[in-house]
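Spelled out from the first residue to the last, the chains are:
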Amino acid sequence: MEDNYIARMRAKVGHEGMIFNSAFGVLWNEKHDAILLEKRGDSKVGYGFPGGFLEYGESPMQAVVREFKEETNLDVEVVRMLGMATHVNPKNSWGDEQETISMGFEVKLVDGQSADQLKADGDETLAVSFVPVNPRPTMFVPAAQNTLERILTINEENEQPWLREPAKK
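Remember, it's a predicted structure, so these values are computed and weren't measured experimentally.

Peer 1: Sorry if this is basic, but what is going on with the packing of aromatic side chains here?
Peer 2: To describe a pair of aromatic rings, you give the distance between the ring centres and the angle between the ring planes. Following the criterion strictly, the structure yields two aromatic pairs and no others. Arranged with centres 5.9 Å apart and planes meeting at 65°, the rings of Phe 20 and Phe 53 form a pair that is edge-to-face. Note that Phe 20 is positioned in strand S1 (residues 18–26) and Phe 53 in strand S3 (residues 51–53), a separation of 33 residues in sequence. Taking the relative accessible area as the measure of exposure, Phe 53 reaches 25% and is therefore partly exposed. Taking the centre distance of 4.7 Å and the plane angle of 25° together, the rings of Phe 24 and Phe 49 count as stacked. In this pair, Phe 24 sits in strand S1 while Phe 49 sits in the loop between strand S2 (34–40) and S3, placing the two residues 25 residues apart along the sequence. Take Phe 24 and Phe 49: they sit in the same class, and that class is buried. Stacked on the ring of Tyr 47, the Lys or Arg Lys 39 has its end atom at 4.4 Å from the ring centre. One cation-aromatic arrangement involves Arg 40 over Phe 140; the distance from NZ or CZ to the ring centre is 4.0 Å.

What follows is the structure, encoded as structure tokens:
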């Protein structure tokens, strides 16, 4: 794990449960029938949304803009909030307990940008492309699949953001 905010905090608290915030973006193609998804470096199956964890002092909107640039080489701006989800993971890929509060935003290309400038970073993001939404693409984890379904139904029907909580035990 690189020396980022999460790595610095983990060095202080070990594997104990922590809460982190993340932000992701949804960029539609011009026909509004495909969204930009990434093949992630940490998963061999399915797609993910461009996005990632917030750094200390960074807003969710700033984080999604930064992550989009890092992972796709595209400059975007936030259009609206799509929703918020929480997910508890008793053992993440580093062996730590983690709860993630994830905020999703619809984004658009900044004036002067073109999808022709699309380029994966080759590290976190192995490939990035506009993926048709029908049939539904397979996402890399069930929580992301659930989020995709909400984006393609609830967000297409109205402007209200959704909230997704983990199932009660």
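From this point on, the discussion continues.
Peer 1: I keep staring at unusual backbone geometry and nothing clicks. Help me out?
Peer 2: Excluding glycine, most residues fall at negative phi; most peptide bonds, likewise, are trans. That bond from Asn 134 to Pro 135 is cis: its omega, 0°, falls within 30 degrees of zero. Inspection of the secondary structure puts Pro 135 in the loop between strand S6 (125–132) and helix H3 (142–157). Even without being a glycine, His 32 presents a positive backbone phi close to 60°. Take His 32: it is sitting in the loop between S1 and S2. A positive phi is found at Asn 73, a non-glycine position, where the angle reads about 70°. Overall, the relative accessible area of 30% leaves Asn 73 in the partly exposed class.

Rules used in this analysis
- Residues numbered from 1 in each chain as written.
- Predicted model: local features only at pLDDT ≥ 70, side-chain atom pairs only at ≥ 80, totals over all residues.
- Heavy atoms only, no water.
- Phe/Tyr/Trp six-rings, centres within 6.5 Å; stacked < 30°, edge-to-face > 60°.
- Helix = DSSP H or I, 4+ residues; strand = E, 2+ residues; numbered from the N terminus.
- Buried < 20%, exposed > 50% of the residue type's maximum accessible area, 1.4 Å probe, protein only.
- Lys NZ or Arg CZ within 6 Å of the ring centre and 35° of its normal.

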